[in-house]
Structure formats: structure tokens, C-alpha cells
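A closer look at the structure
In case you want the letters, here they are:
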Amino acid sequence: MTAEPAAAGHQTGRSRSQHQRRKRILQAAAALASRGGVEAMQMRTVAERAGVALGTLYRYFPSKMDLVVAVVNEEMDTLEASLDRRPPRSGSPAGRAVEVLMRATRGLMREPELADALIRSLLLSDVKTDLGDRMAGMLAKVAEDGAGRPEEHGVLLRSLSSIWIMEMMEILRGRSGTERLQARLEIAAERLLAGF
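Residues numbered from 1 in each chain as written. Predicted model: local features only at pLDDT ≥ 70, side-chain atom pairs only at ≥ 80, totals over all residues. Heavy atoms only, no water.

1. A word on the overall build of the protein chain
When helices and strands are tallied, the protein chain shows nine helices and zero strands. If you list the helices and strands of the protein chain from N to C, you get α-α-α-α-α-α-α-α-α. Counting across all 196 residues of the protein chain, residues that qualify as buried make up 41%. Residue pairs in contact within the protein chain that sit at least 24 positions apart in sequence constitute 69% of those at least 6 positions apart. Surface summary for the protein chain: the accessible area is close to 11000 Å², and the carbon and sulfur share equals 51%. (Helix = DSSP H or I, 4+ residues; strand = E, 2+ residues; numbered from the N terminus. Buried < 20%, exposed > 50% of the residue type's maximum accessible area, 1.4 Å probe, protein only. Contact = heavy atoms within 4.5 Å. Areas by Shrake-Rupley, 256 points an atom, 1.4 Å probe, with all protein chains shown as cover.)

So this is what it looks like as C-alpha cells:
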């Protein structure tokens, strides 16, 4: 009987160390990408910087794009946590949606090289990612009032998140700025979310 709690404790300890190892890998990958884009995220370099064997890295992330997607998901988790702590305050669904997208923009633009690497990689990759769906889900939490047509609203929110991704590309290419991005998002959100 005493063996079971010990085994459970050992399992928890191993899970914790695996979680910490995964976190170190993601931090190393994000740090490298923030300085040199996706090209700097060489698997061997990430493994060395994270202090893990190359084989261990590949066990967690079978490809470079799997690693990129995981870094994006970490960024999305951070945004989601910040929205839970400080929900948008605008009085309209469109205003709250724009607040979320602008908060995401400011978060990504703190590390423009990383933002560029992540967005370009996701757009050019065959790896399936749920970036658009996750962003649409966050927008739904702040924009919807519980009424309406959820399926139609999902399409509209996904469209708004797609507009944001394309506008982010324009900023990262140096063709736009955050003020222009916000103005465009406000127009799109007002039109798309008029029925919310």
C-alpha cells in the first residue's frame, strides 16, 4: 500500500521535470528566434541552449515546425492569461475584439524578430496550427453576449483574426504601423460584428 503513493509521487516528479524540460526548450527556441528569426532556431542549437540532448528535443518536437507551433501556442497562452486577468473594457463587442487584437499586437511587437519568424513560418508551413481558431475563440469570449448564431459568429470572428494576421504581416514588412492596424481593425470589427 505504501508503494502506490511513492509511485504516484515519482510520476508527478517525472512529469514536473518533463514540463520544466519542455519549458526550457521553448524558451531557448523563442530566444533564438527573437534574435535571428526561424533560421536561428536550428534544432541542434536549441538543444544546446536548453541543455538537452538532440534526441530528447526530437522526442518533444519531431520537427522544427512543431517547435515553432509550440512557441506560438505559448504566446497564445500568455495572451489568454492576460485577458483573464484584465478583460477588455470597451462597451461594444467590436471594441472588445479590437482591444484583444491590439494587446496581441503589442505583445508580439515586443520581440519583432520572433513575431516575424512565427507568423511567416505559420503562413508558409504545411503544419496544421490552430492560431486562427484560438484567436477567434478569445475574440468570442469577449465579443459575444450569449445570444445570436454561434456558427455564423465563429466564421465572422475567424475572418477578423485572419485580417489581423495579414495586417501583422504588413507591419512586419515595414509597410504599416500599429495606428493604421488599429484603424483598419476598428473598421473591420464594426462591420463584421455589427450583428453581435
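2. Description of the UniProt feature "DNA-binding region" (unreviewed entry) in the protein chain
With numbering aligned to this structure, UniProt lists the feature "DNA-binding region" (unreviewed entry) at residues 42-61. As annotated, residues 42-61 has a helix share of 75% and a strand share of 0%, and its two end C-alpha atoms lie 12 Å apart. (UniProt positions renumbered as here; feature names shortened; annotations may be inferred.)

3. Points about the layout of surface pockets
Taking a probe equal in size to a water molecule and rolling it over the atoms shows the remaining empty space. In this structure, the largest pocket occupies an estimated 610 Å³ of space. Considering the residues around the largest pocket, the lining is formed by 28 residues, among which Glu-74, Glu-75, Thr-78, Leu-79 and Gly-107 are closest to the centre. Looking at the lining of the largest pocket, the elements that each hand over two or more residues are α1 (3-36), α4 (64-85), α5 (93-109), α6 (112-124) and α7 (131-143). For the lining of the largest pocket, the element with the highest residue contribution is α4, accounting for nine residues. Classifying every residue of the lining of the largest pocket gives 15 nonpolar, four polar and nine charged. (1 Å grid on protein atoms, 1.4 Å probe; cavity = no way out; pocket = protein on both sides within 12 Å on 5 of 7 lines; lining within 4 Å. Points joined across faces, edges and corners; volume = space filled by probe spheres on them. Nonpolar A, V, L, I, M, F, W, Y, C, P; charged D, E, K, R; others polar.)

4. Remarks on the environment of Arg-103
Along the chain, Arg-103 falls in helix α5. Residues contacting Arg-103, with those up to four places away along its chain left out, are Leu-79, Ser-82, Leu-83, Arg-86, Pro-87 and Pro-88.

5. Let's talk about a positive patch on the surface
There is a patch of like positive charges on the surface, built from Arg-85, Arg-86, Arg-89, Arg-106 and Arg-110. Looking at where Arg-89 falls in the secondary structure, it is placed in the loop between α4 and α5. Residue classification places Arg-89 among the exposed positions, given a relative accessible area of 74%. (Patch = residues over 30% accessible without salt bridge, like charges linked within 9 Å, V, L, I, M, F, W, Y side chains within 5 Å. Salt bridge = Lys/Arg side-chain N within 4 Å of Asp/Glu carboxyl O. Lys, Arg positive; Asp, Glu negative; His and termini not counted. Charge placed at Lys NZ, Arg CZ, Asp CG, Glu CD.)

6. Here's the deal with the packing of aromatic side chains
Using the criterion set out here, one finds one aromatic pair in the structure. Judged by centre distance (6.4 Å) and plane angle (35°), the ring pair of Tyr-60 and Phe-61 falls under tilted. What makes Phe-61 buried here is its relative accessible area of 3%. (Phe/Tyr/Trp six-rings, centres within 6.5 Å; stacked < 30°, edge-to-face > 60°.)

7. Quick look at the pattern of salt bridges
For the structure on display, the rule yields nine salt bridges. The closest approach of N and O atoms between Asp-84 and Lys-141, which form a salt bridge, is 3.8 Å. On the criterion of sequence distance, the pair formed by Asp-84 in helix α4 and Lys-141 in helix α7 is long-range, its members being 57 residues apart. Like Lys-141, Asp-84 is exposed. Residue Glu-170 pairs with Arg-175 through a salt bridge whose shortest N-O separation is 3.7 Å.

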